[in-house]
Amino acid sequence: MAQILQVEDVSKKFASRLAVNQLTLSISSGEIVGFLGPNGAGKTTAMRMICGFFPPSSGRILIDGVDIQQEPTTAKKMIGYLPETVSLYGDMRVVEYLNFVAAVKGVGFLSRAKAVKEKIEQCGLGDVSKRLIGRLSKGFKQRVGLAQALLGDPKLLVLDEPTSGLDPKQISDIRALIHGLKKDRAVLFSTHILPEVSMLCSRVVMLDQGRVLASGTVEELEAHLSEDFQIQVTILGRSKTTEAVHVLQGIEGLKDIHFVVAESEQVVLTCRAPAQLEFRNVITERLSKQGISVIEIKREQLTLEEIFLRLLK
Amino acid sequence: MKNILYLARKEFSSYFHTWQGVFLTLFFFLVSGLFFSLLILGYAKMSMGQMGEQLAQAGVNQTDYIFGSFFMNLSTLLIFIAPVLTMRGFAEERRDQTLELLFTYPLSDREIVLGKFLGQVWMFELLCVPLLGYGLVAQLAGADFDWRVVLLAFVGFWILGLAYLSLGFFISTLTKSPVLSAVATFGVFLIFWVLEWASKVSDGWIAQFFQEVSPLDHYRYFTMGQIHFQHAGYFVLTIFFFLTMSVMSISTRNWKSS
């Protein structure tokens with residue numbers, strides 16, 4: 001798939017402070033990449049460089065193959081940006097503002113009204129399109145911010161904490177909107193809400209102190225972090241507990257086997273298995289052979305929070 | 001070029017999103033109209049008495065007395081108007097943090113500066129429109145003006161306005177506070193006003209220096225119906241200098257953290 005964003009060895013230095021340190025990243029069309037990191041990790045600086053707000057101190061950024069420093073106007077036409085603080089012209093009406101943005105983004109005069117109308121509908125702004133932006137609620141302002149980012153149908157969307165400060169309904173709406181946007185474009189978005197990343201992103205890039213701490217899918221990061229993980233096996237029949245423990249002890253690789261009686265006849269056995277072991281079929285097969293009914297086999301999964309905290313350690 | 005016009009239109013219309021533009025226009029029309037009426041009445045009174053003969057002997061005609069004084073008074077009024085017009089430029093955008101998005105649109109820094117400046121120039125030109133109307137009304141009422149002088153004075157006022165706007169515009173790129181921008185711009189204009197005064201009370205090379213740097217000394221020639229390359233060049237260079245400085249000022253985001 002075509003790579004829309006290529007960040008190559010990019011650093012940004014402010015006076016003596018290195019805000020971003022040799023960042024390398026690429027995003028293809030159809031991908032949503034989550035940008036994670038504690039406050040001051042360099043996420044916003046990196047996003048501002050990607051959008052051409054200021055240039056990197058070293059390295060280069062390509063938008064669909066176009067170097068943003070060499071051809072800023074061409075590259076910026078392919079970017080839609082929603083900043084962390086969505087500050088819009090409060091004294092303009094929504095439709096008037098979107099028309100202005102469409103014009104400077106190079107949307108032709110004849111197709112401008114249609115493009116603006118389309119984004120207004122897409123972002124659910126129909127009822128407030130004639131209102132002054134300054135009088136809108138935070139949720140609606142965020143939608144106007146998203147609508148302006150979408151104007152010009154950019155190939156790359158850069159969203160800096162798009163759901164921060166919104167109520168749960170608004171968060172859910174914006175998430176659904178973002179999910180629908182990845183179809184024919186690349187999306188890079190930062191957030192503090194980690195489950196949001198698991199929900200929306202195909203990949204995660206974790207930043208700390210300006211450098212990439214880890215990157216990959218949530219599963220890849222988890223596998224990278226834990227050498228082994230915990231398995232929970234729920235069986236039926238308390239009388240079969242000792243037998244089940246023996247079966248598990250007989251499977252190579254499983255260790256730290258314990259059991260607890262959950263409720264009535266159900267017994268939960270726990271053990272640890274190496275990350276690379278395909279354990280599920282083996283356990284089911286061996287226990288079934290002994291006439292033990294298996295109700296459930298669960299693999300403990302690290303949450304993104306746990307991965308994040310472990311990486312930061 | 002299109003982008004400059006889009007920005008200029010947004011900037012111009014933003015004056016009328018609040019009452020600021022309306023109040024500013026009304027204030028300017030009221031005060032300039034008052035100046036003009038008083039000068040007409042003053043001239044009428046003088047020309048009927050002994051002073052009329054003295055004026056004639058000194059070679060001061062209707063046009064010189066009325067429009068010469070009128071445009072010099074307008075330059076004083078501009079000291080108050082220009083800071084209010086320019087304080088919105090960048091200071092307000094920096095305060096409201098709206099620049100971040102603007103800088104990520106496909107616009108060059110030069111287009112941003114020229115577009116915003118042009119919007120302010122349109123607003124200033126809107127204020128200038130009725131000035132010629134005053135002359136036409138007086139002409140219809142029986143006055144006899146030398147229109148060549150009037151038009152040159154008008155051009156002089158326009159170019160002085162542009163120079164003042166460019167300076168105020170540059171100052172607005174330096175701060176986040178529109179009020180500070182307006183106060184600082186007003187302060188610099190006061191210095192210009194003092195320079196003109198200083199050039200009159202000093203002599204020798206000091207007087208010459210003050211005359212060269214004072215915009216009002218260059219402007220005075222226009223109000224007298226004279227146009228010289230050096231005076232027009234002074235204003236063109238001033239505008240060019242401050243617009244270039246504005247472009248440089250906004251590009252400092254490249255090395256500052258925000």
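Residues numbered from 1 in each chain as written. Chains lettered and ligands numbered in written order. Predicted model: local features only at pLDDT ≥ 70, side-chain atom pairs only at ≥ 80, totals over all residues. Heavy atoms only, no water.

### Overview of the pairing of strand β6 (residues 79-82) of chain A
Residues and elements named next belong to chain A.
Then, number 1: Of the two faces of β6, both are covered, the one formed by Ile79 and Tyr81 as well as the one formed by Gly80 and Leu82.
Then, number 2: As judged from the four bridges shared by β6 and strand β7 (residues 156-160), these two strands associate in the parallel manner. Bridge pairing in β7 places Leu82 opposite Leu159. (Buried < 20%, exposed > 50% of the residue type's maximum accessible area, 1.4 Å probe, protein only. Helix = DSSP H or I, 4+ residues; strand = E, 2+ residues; numbered from the N terminus. Pairing = 2+ DSSP bridges.)

### Section: the sheet that holds strand β3 (residues 32-36) of chain A
Residues and elements named next belong to chain A.
Then, number 1: Here we have six strands laid out as an open sheet, ordered β6-β7-β8-β3-β9-β10, and mixed in their pairing. Strands with a single pairing partner mark the edges of an open sheet, and in this sheet they are β6 and β10 (211-216). Put simply, the sheet's adjacent strands are angled 15° from each other on average, direction ignored.
Then, number 2: The sheet contact formed by β3 and strand β9 (residues 203-208) spans four bridges and is parallel. Of the residues in β9, the one forming a bridge with Leu36 is Met206. (Axes fitted to C-alpha atoms, helices over the stretch in contact; angles between N-to-C directions.)

### Structural notes on the packing of helix α1 (residues 2-14) of chain B against helix α7 (residues 109-140) of chain B
Residue and element names in this part refer to chain B.
Then, number 1: Where α1 contacts α7, the two axes come as close as 7 Å, and the packing angle between them is 45°. By the angle class used here, α1 and α7 are oblique. In this structure, α1 meets α7 at a crossing whose hand is right-handed. Note on element contacts: α7 touches α1 through Glu111, Ile112, Leu114, Gly115, Lys116, Leu118, Gly119, Gln120, Trp122, Met123 and Leu126, opposite Asn3, Ile4, Leu5, Leu7, Ala8, Arg9, Glu11 and Phe12. (Parallel < 35°, antiparallel > 145°, perpendicular 65-115°, else oblique. Left-handed = near helix turned anticlockwise from the far one by under 90°. Contact = heavy atoms within 4.5 Å.)

### Focus: the packing of aromatic side chains
All names here are of chain B.
Then, number 1: Summed over all chains, the structure comprises 23 aromatic pairs over all chains.
Then, number 2: A centroid spacing of 6.1 Å and a plane angle of 50° characterise the contact between Phe71 and Phe157, whose relative ring orientation is tilted. In this pair, Phe71 sits in helix α4 (residues 62-86) while Phe157 sits in helix α8 (residues 147-172), placing the two residues 86 residues apart along the sequence. One exposure class covers both Phe71 and Phe157, and it is buried.
Then, number 3: Taken together, the aromatic side chains of Phe36, Phe70, Phe71, Phe124, Tyr134 and Phe157 make up a single cluster linked through ring pairs. (Phe/Tyr/Trp six-rings, centres within 6.5 Å; stacked < 30°, edge-to-face > 60°.)

### Focus on the pattern of salt bridges
Residues and elements named next belong to chain A.
Then, number 1: Throughout the structure, instances matching the rule amount to 13 salt bridges over all chains.
Then, number 2: Salt-bridge contacts for Glu8 lead to Arg60; the nearest nitrogen and oxygen are separated by 2.8 Å. Of the two residues, Glu8 is situated in strand β1 (residues 3-14) and Arg60 in strand β4 (residues 58-63); the sequence distance between them amounts to 52 residues.
Then, number 3: Judged by its relative accessible area of 27%, Glu8 falls in the partly exposed class. (Salt bridge = Lys/Arg side-chain N within 4 Å of Asp/Glu carboxyl O.)

### Some details on the pairing of β3(A)
Residue and element names in this part refer to chain A.
Then, number 1: Taken across its five residues, β3 has five buried, putting it largely inside the fold.
Then, number 2: Of the two faces of β3, the one holding Ile32, Gly34 and Leu36 and the one holding Val33 and Phe35 are both buried throughout.
Then, number 3: Sheet topology places β3 next to strand β8 (residues 186-190); four bridges connect them, and they run parallel. Of the residues in β8, the one forming a bridge with Val33 is Leu188.

### Regarding the confidence of the model for chain A
Then, number 1: When pLDDT is averaged across chain A, the result is 84; 92% of the residues are at 70 or more.
Then, number 2: Looking across chain A, the model is least confident in helix α11 (residues 304-312) of chain A, with a mean pLDDT of 67, and most confident in helix α3 (residues 94-104) of chain A, with 93. (pLDDT = per-residue confidence, 0-100.)

### Some thoughts on the confidence of the model for chain B
Residues and elements named next belong to chain B.
Then, number 1: With 93% of its residues at a pLDDT of 70 or more, chain B has an overall mean of 85.
Then, number 2: Within chain B, no element has a lower average pLDDT than helix α3 (residues 50-57), which sits at 67, and none a higher one than helix α12 (residues 229-250), at 92.
Then, number 3: Confidence estimates for the predicted assembly give a pTM of 0.80 and an ipTM of 0.81.

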